[in-house]
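Spelled out, the chains give:
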Amino acid sequence: VVGKVDYQIEPIVEEIELGSLLKDIDGLEATLDLNRFSLAIDLKTNISVPILADLSIIPYKDGAVISGRELKKNLEITMPEATDEPALVRFWISNYPQGEDKYMPAGYEHISLDLLSLIAAMPDKIELVLNAGTDPEKTASIAPSEDGYVLEAEYALSLPLEFGEDAAIEFRQVIDDLPVEL
């Protein structure tokens, strides 16, 4: 089925808690590797509908928005040709200039945003808000599907740690009912 579609989806809101992460690394002789801070967004669908989206990344501290640190990006997403099998469109958001992120995995489209200004305020929570809808000016195609239609989004935040040379992580586990002889 081919035609023009004008449809807005409900905003997708995802919250990422950072408070426990900062507490967990305290005392480990570790620092956050802010140069490698990144956000990956994977969209999976079997519908080929051009999408216009507004992505907002909002930092919070103690339950309140950290004023002036919000990041916004307009996205124009062209999905692959419609098929029965869902296709994957991937975005890699990092602080590096467009196309210069050497840590970006293959298969992602790079988006450059000032993530360092976002994390510099040491938020305890980051909220991702995606307001999206179809591009009513472009043609969309939907392949008939016996299994229905899929539109899913997944997020992954990467905030690598850099450990000092004297850092040590101790892991202990008690194993009950261990046989006397192994």
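Residues numbered from 1 in each chain as written. Predicted model: local features only at pLDDT ≥ 70, side-chain atom pairs only at ≥ 80, totals over all residues. Heavy atoms only, no water.

**Describing the nonpolar core**
Moving on, step 1. If you look at the biggest cluster of nonpolar residues, it comprises 29 residues, and the most contacted ones within it are Ile41, Ile57, Ile77, Ile93 and Ile126.
Moving on, step 2. Where this core is concerned, the elements lending two or more residues are strand S4 (38-45), strand S6 (51-61), strand S8 (71-77), strand S9 (87-94), helix H2 (115-120) and strand S11 (125-134).
Moving on, step 3. For Ile77, the contacting residues outside a window of four places in its chain are Leu43, Val49, Pro50, Ile51, Ala53, Val89 and Phe91. (Core = buried A, V, L, I, M, F, W, Y, C linked by side-chain atoms within 4.5 Å. Buried < 20%, exposed > 50% of the residue type's maximum accessible area, 1.4 Å probe, protein only. Helix = DSSP H or I, 4+ residues; strand = E, 2+ residues; numbered from the N terminus. Contact = heavy atoms within 4.5 Å.)

**Comments concerning the confidence of the model for the protein**
Any segment with low pLDDT has predicted coordinates that should not be analysed in fine detail.
Moving on, step 1. Mean pLDDT over the protein stands at 81; residues scoring 70 or higher make up 84%.
Moving on, step 2. Mean pLDDT across the elements of the protein bottoms out in helix H1 (residues 19-25) (66) and peaks in strand S7 (residues 64-65) (95). (pLDDT = per-residue confidence, 0-100.)

**Here's the deal with the environment of Glu10**
Moving on, step 1. On the secondary structure map, Glu10 appears in the loop between strand S1 (2-4) and strand S2 (12-17).
Moving on, step 2. Sequence separation between Glu10 and Ala132 is 122 residues; the distance between their C-alpha atoms is 7.7 Å.

**Notes on the pattern of salt bridges**
Moving on, step 1. Considering all chains together, one arrives at three salt bridges under this definition.
Moving on, step 2. In this structure, the salt-bridge partner of Lys125 is Glu15, at a minimum N-O distance of 3.5 Å. Taken together, the residues Lys125 in strand S11 and Glu15 in strand S2 connect sequence positions 110 residues apart.
Moving on, step 3. What makes Glu15 partly exposed here is its relative accessible area of 44%.
Moving on, step 4. We note a salt bridge from Arg90 to Asp42, for which the minimum N-O separation is 3.1 Å. A residue pair is termed long-range when its members are at least 10 positions apart, and Arg90 in strand S9 and Asp42 in strand S4 qualify at 48 residues.
Moving on, step 5. On the basis of relative accessible area, Asp42 is assigned to the buried category, the value being 14%. (Salt bridge = Lys/Arg side-chain N within 4 Å of Asp/Glu carboxyl O.)

**Some points on the packing of aromatic side chains**
The geometry of an aromatic ring pair is captured by two quantities: the separation of the ring centres and the angle between the planes.
Moving on, step 1. Summed over the entire model, instances satisfying the criterion amount to two aromatic pairs.
Moving on, step 2. Ring centres of Trp92 and Tyr108 lie 5.6 Å apart, and the angle between their planes is 70°; this geometry places the pair in the edge-to-face category. In this pair, Trp92 sits in strand S9 while Tyr108 sits in the loop between S9 and strand S10 (109-112), placing the two residues 16 residues apart along the sequence. With respect to class, Trp92 is no different from Tyr108; both count as buried. (Phe/Tyr/Trp six-rings, centres within 6.5 Å; stacked < 30°, edge-to-face > 60°.)

**Side note on the side chain of Glu127**
Moving on, step 1. One can find Glu127 in strand S11.
Moving on, step 2. Buried within the structure, Glu127 lacks any salt-bridge partner; Lys125 is the closest side chain of opposite charge, at an N-O distance of 5.1 Å.
Moving on, step 3. Side-chain polar atoms of Glu127 contact the side chain of Tyr60, separated by 3.2 Å.
Moving on, step 4. Among residues more than four places away in sequence, those in contact with Glu127 are Val13, Glu14, Glu15, Ser56, Ile57, Ile58 and Tyr60. (Lys, Arg positive; Asp, Glu negative; His and termini not counted. Polar contact = N/O pair within 3.5 Å; in protein donor to acceptor, adjacent residues only side chain to side chain.)

**Here's the deal with the sheet that holds S4**
Moving on, step 1. Ordered by their spatial adjacency, four strands build an open sheet running S10-S9-S4-S13, and the pairing between neighbours is mixed. The strands lining the two open edges of the sheet, one partner per strand, are S10 and strand S13 (151-158). Between one strand axis and the next, the sheet turns through 20° on average, direction left out of account.
Moving on, step 2. In this structure, S9 lies alongside S10, joined through four bridges in parallel fashion. Paired with Ile93 across the strands is Ile111, a residue of S10. (Pairing = 2+ DSSP bridges. Axes fitted to C-alpha atoms, helices over the stretch in contact; angles between N-to-C directions.)

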